[in-house]
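# Topology and contacts: notes
Given next are the chains, with one letter for each unit.
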Amino acid sequence: MAAWDAAAEAVAPAHRPQARPRPKPVARKRPAPRRRVTGGVLWIVFVAVLLTGIVALNVAVLRLNVQLDRLSRERADLRAQNSALQSQLSSAASSQRIEQLAAKRLGLRPADPDSTAYVDLGRPGR
């Protein structure tokens, strides 16, 4: 039997199992690849529209915040102006200032209490 093994080695140098040839893949029909692509494109467009809406909403909120800030500053300025005008009005309406202006511009002076006479007109309907 040794001769038989030597002869087998001479014919086949190493005992390797022969690789089977792979069967050719069977062509399968794929279900409408365009439909997949169209569905994906529709999702992308849908998400893009949603994101655009979110960005537009954020821009609108930002504009409103800027306008609110501007109006708050304007309100604070108007309140400060009103306070300054009230102060000017109260100082302009003071009796001491009116007496000084009457004396300076019109030459008027306060009446002497001793020379002041009062007239009693009585009560009407008496």
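Residues numbered from 1 in each chain as written. Predicted model: local features only at pLDDT ≥ 70, side-chain atom pairs only at ≥ 80, totals over all residues. Heavy atoms only, no water.

### Digging into the overall build of the protein
- Secondary structure summary: the protein contains 3 helices and 0 strands in total.
- Residue burial in the protein is summarised as follows: out of 126 residues, 1% are buried.
- A total accessible area of about 13400 Å² is found for the protein, and carbon and sulfur atoms account for 60% of it. (Helix = DSSP H or I, 4+ residues; strand = E, 2+ residues; numbered from the N terminus. Buried < 20%, exposed > 50% of the residue type's maximum accessible area, 1.4 Å probe, protein only. Areas by Shrake-Rupley, 256 points an atom, 1.4 Å probe, with all protein chains shown as cover.)

### Here's the deal with the confidence of the model for the protein
- Of all residues in the protein, 79% have pLDDT values of 70 or greater, and the mean over the chain is 84.
- When the elements of the protein are averaged for pLDDT, helix H1 (residues 2-11) gives the smallest value, 59, and helix H2 (residues 33-92) the largest, 93. (pLDDT = per-residue confidence, 0-100.)

### Overview of the packing of aromatic side chains
- Going through the model one piece at a time under the given rule, you end up with 1 aromatic pair.
- Ring geometry for tryptophan 43 versus phenylalanine 46: centroids 5.9 Å apart, planes at 85°, classification edge-to-face. Of the two residues, tryptophan 43 and phenylalanine 46 both sit in helix H2, 3 residues apart, roughly one turn of that helix.
- Classification of tryptophan 43 as exposed rests on a relative accessible area of 59%.
- For phenylalanine 46, a relative accessible area of 45% corresponds to the partly exposed category. (Phe/Tyr/Trp six-rings, centres within 6.5 Å; stacked < 30°, edge-to-face > 60°.)

### Focus: the pattern of salt bridges
- Enumeration over the complete set of coordinates arrives at 2 salt bridges.
- In this structure, arginine 73 and aspartate 69 form a salt bridge, with 3.9 Å as the shortest nitrogen-oxygen distance. With arginine 73 and aspartate 69 both in helix H2, this residue pair falls 4 residues apart, about one helical turn.
- Close ionic contact of glutamate 74 with arginine 70 constitutes a salt bridge, the shortest N to O distance being 3.9 Å. Of this pair, glutamate 74 and arginine 70 both sit in helix H2, 4 residues apart, which is roughly one turn of the helix. (Salt bridge = Lys/Arg side-chain N within 4 Å of Asp/Glu carboxyl O.)

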